[in-house]
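# Residue-level structural notes
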Amino acid sequence: MGLELYLDLLSQPCRAVYIFAKKIGVPFELRIVELLKGQHCSQEFIQVNPLRKVPVLKDGDFTLAESVAILLYLSRKYEAPDHWYPQDLQACARVDEYLAWQHTSLRRSCSMVLWQKMMLPQFLGERVPPEALAATMAELERCLQLLEDKFLKDDDFLAGPRISVADLVAITELMHPVSAGCSVFQTRPKLAAWQQRVEEEVGAGLFQEAHEVVLKARDLPPVDTAMKDQLKPLVEVLL
Amino acid sequence: MGLELFLDLLSQPCRAVYIFAKKNSIPFELRIVELLKGQHLSEDFALVNPVQKVPALKDGDFTLTESVAILLYLTRKFKVPDHWYPQELQARARVDEYLSWQHTNLRRHCLRVLWHKIMFPVVLGEPVSPEVLEITLAELDLTLQILEDNFLQDKAFLVGPHISLADLVAITELMHPVSAGCPIFDSRPKLAAWSQRVEAELGPPLFQEAHEVILKAGDFPPADPSLKQKLLPRVMAMIG
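Residues numbered from 1 in each chain as written. Chains lettered and ligands numbered in written order. Predicted model: local features only at pLDDT ≥ 70, side-chain atom pairs only at ≥ 80, totals over all residues. Heavy atoms only, no water.

## Brief notes about the pairing of strand 2 (residues 29–32) of chain B
Residue and element names in this part refer to chain B. Basically, it comes down to this: Between any two strands, at least two bridges found by DSSP are needed for them to pair. Helix numbers and strand numbers start at the N terminus; a helix is a DSSP run of H or I with at least 4 residues, a strand a run of E with at least 2. Note on handedness: a crossover is taken as right-handed if, strands pointing away from the viewer, the path from the first strand over the helix to the second is clockwise.
Here strand 1 (residues 3–7) pairs with strand 2 via 4 bridges, running parallel. Across the sheet, residue Leu5 finds its bridge partner in strand 2, namely Leu30. Tracing the backbone out of strand 1, into helix 1 (residues 12–23) and back to the parallel element strand 2 gives a crossover that is right-handed.

Structure representation (structure tokens):
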């Protein structure tokens, strides 16, 4: 069995891993794990990852979770072009800095926006208090400002003149609020220009393919009661 | 000007950076930034780090934030022993996996326990209900179980037979609830044994030195009201 990637393209980190693996030509078996059908809680998947999360990489006997770790593993094993995760000490540090910062800031806020604005009310029939949504949107704005001012600044990409895994991780996050109907780029021309550059580097075809699921999330029918119960812990985390 | 490290040893990530730099004899100027005096909010420090957080590293014109990025930078620049961040592909991936997981898991819960148990009620004069504290402690407990079952398992250290960045980051996190008076090791002999191995590898004097500030958390005085106003919103955002 070759390399397997357990993914649900609904999830931002899964999209980053998918795009990267495809882009650098990693041969892999795609194993879809549909979160909204509770497949991450199946006995089968628990054998793969007892923490019940995606993405997961399985390379023979070696199983790896955490998208950042997976991206770096793929980058090294398949000898991705240097710009994805540069050898240069300071350039690499810039990528590391972004990858560390984003966990508790942009990642968190983009997840909250998709779920509070769209998924909870529409898919799970859960009412989200307007103050909670307003606070979430304000936090997104704060993160986007930092993304522009601290990371992007006047460079073409987040860590410098070339695209890196930092840009992949960021763009896949931002497609979450975009899919929820937030006009993230309309009021931020600098970010919009960066987004176009990233999409061009990735390739429009691959970018669209990776985002097909999340862009259709608004059309998902409401979930049935049994599944709603199973997804309840997720709801508690996100409200 | 040589390497400068802007730290407050109150902070877990700062302790990890401090211990690592000292352990590997990395020459640096220590720049203390006292969080409880609001020094991270000063204009001077904003010039170093506009995000107003510690730790921060300054190496000539190059400024770097985020403890994981700083640890990796120091690892590479000063060519530390391999076990800290192994060259071997899978061993390295295990360290990356821990360093990634911990942000929203162990780090988050250790931070919340310290704040809910001590910092909010004692230092900021903001009471925390027993129910909230109970939930926070339960969440820490779940995370500690994951640390044992998914990471440590039957190994000597988190990713294998040797100490790595993962252990350093984890131990400095765990000293937060320890300093808040939580007996996290009492019912967890496996974790206790691991923590002793880590402390032995780092050297008890260095370990004690790095934890001197946080171990006194129980005795911290209340912050003055004007400072509390400044600190509270940022704290709420941090532990939210």
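## Quick look at the interface of chain B and chain A
Note the following rule: The contact rule is simple, with two residues in contact once any of their heavy atoms fall within 4.5 Å. The term buried area denotes the loss of accessible surface (1.4 Å probe radius) that occurs when two parts are joined, taken as the sum for both partners. The salt bridge criterion pairs a side-chain nitrogen of Lys or Arg with a carboxyl oxygen of Asp or Glu, the two atoms within 4 Å.
Of the residues lining the interface, 29 residues belong to chain B; the matching set on chain A comes to 28 residues. Taken together, both faces of the contact between chain B and chain A bury some 2600 Å²; the carbon and sulfur share is 62%. Across the contact surface, chain B and chain A share 2 salt bridges. A salt bridge links Asp96 of chain B to Arg76 of chain A; the shortest N-O distance between them is 3.0 Å.

## Some remarks on the pattern of salt bridges
Where we set the bar: Burial here depends on accessible area, computed with a 1.4 Å probe over protein chains only, as a share of the maximum for the residue type. Under 20% is buried, over 50% is exposed, and the range in between is partly exposed.
All chains considered together, the criterion is met by 25 salt bridges over all chains. Arg31 of chain B is the salt-bridge partner of Glu29 of chain B, the closest N and O atoms lying 4.0 Å from each other. Looking at Arg31 of chain B, the relative accessible area reads 26%, which means it is partly exposed. As a salt-bridge pair, Arg188 of chain B and Glu148 of chain B come within 3.2 Å of each other at their nearest N and O atoms. Of this pair, Arg188 of chain B sits in the loop between helix 7 (165–179) and helix 8 (189–202) while Glu148 of chain B sits in helix 6 (residues 130–152), and the two are 40 residues apart along the sequence. This pair shows no difference in class: Arg188 of chain B is buried, exactly as Glu148 of chain B is. Beyond isolated ion pairs, a larger network of salt bridges with shared partners links Glu4, Glu29 and Arg31 of chain A.

## Here we look at the confidence of the model for chain B
Inclusion rule: A score between 0 and 100, pLDDT records how confident the predictor is in each residue.
On average, chain B scores 95 in pLDDT, and the residues at 70 or more come to 100%. Taken together, the chains of this predicted complex give a pTM of 0.96 and an interface ipTM of 0.96.

## Describing the sheet that holds strand 1 (residues 3–7) of chain A
Residues and elements named next belong to chain A. Applied cut-off: Here, axes are lines fitted to C-alpha atoms. For helices the fit covers the stretch in contact, and angles between N-to-C directions go from 0 to 180 degrees.
What the 4 strands build is an open sheet, ordered 2-1-3-4; its pairing is mixed. Each edge of the sheet is formed by a strand with only one pairing partner; in this case those strands are strand 2 (28–32) and strand 4 (62–65). Sheet twist, expressed as the average angle between the axes of neighbouring strands with direction ignored, equals 20°. Bridge count for strand 1 against strand 2 is 5 bridges, and the pairing is parallel. Pairing of Tyr6 across the sheet is with Arg31, part of strand 2. Against the sheet, helix 3 (residues 67–77) engages strand 1, strand 3 (56–59) and strand 4, with an angle of about 130° to strand 4.

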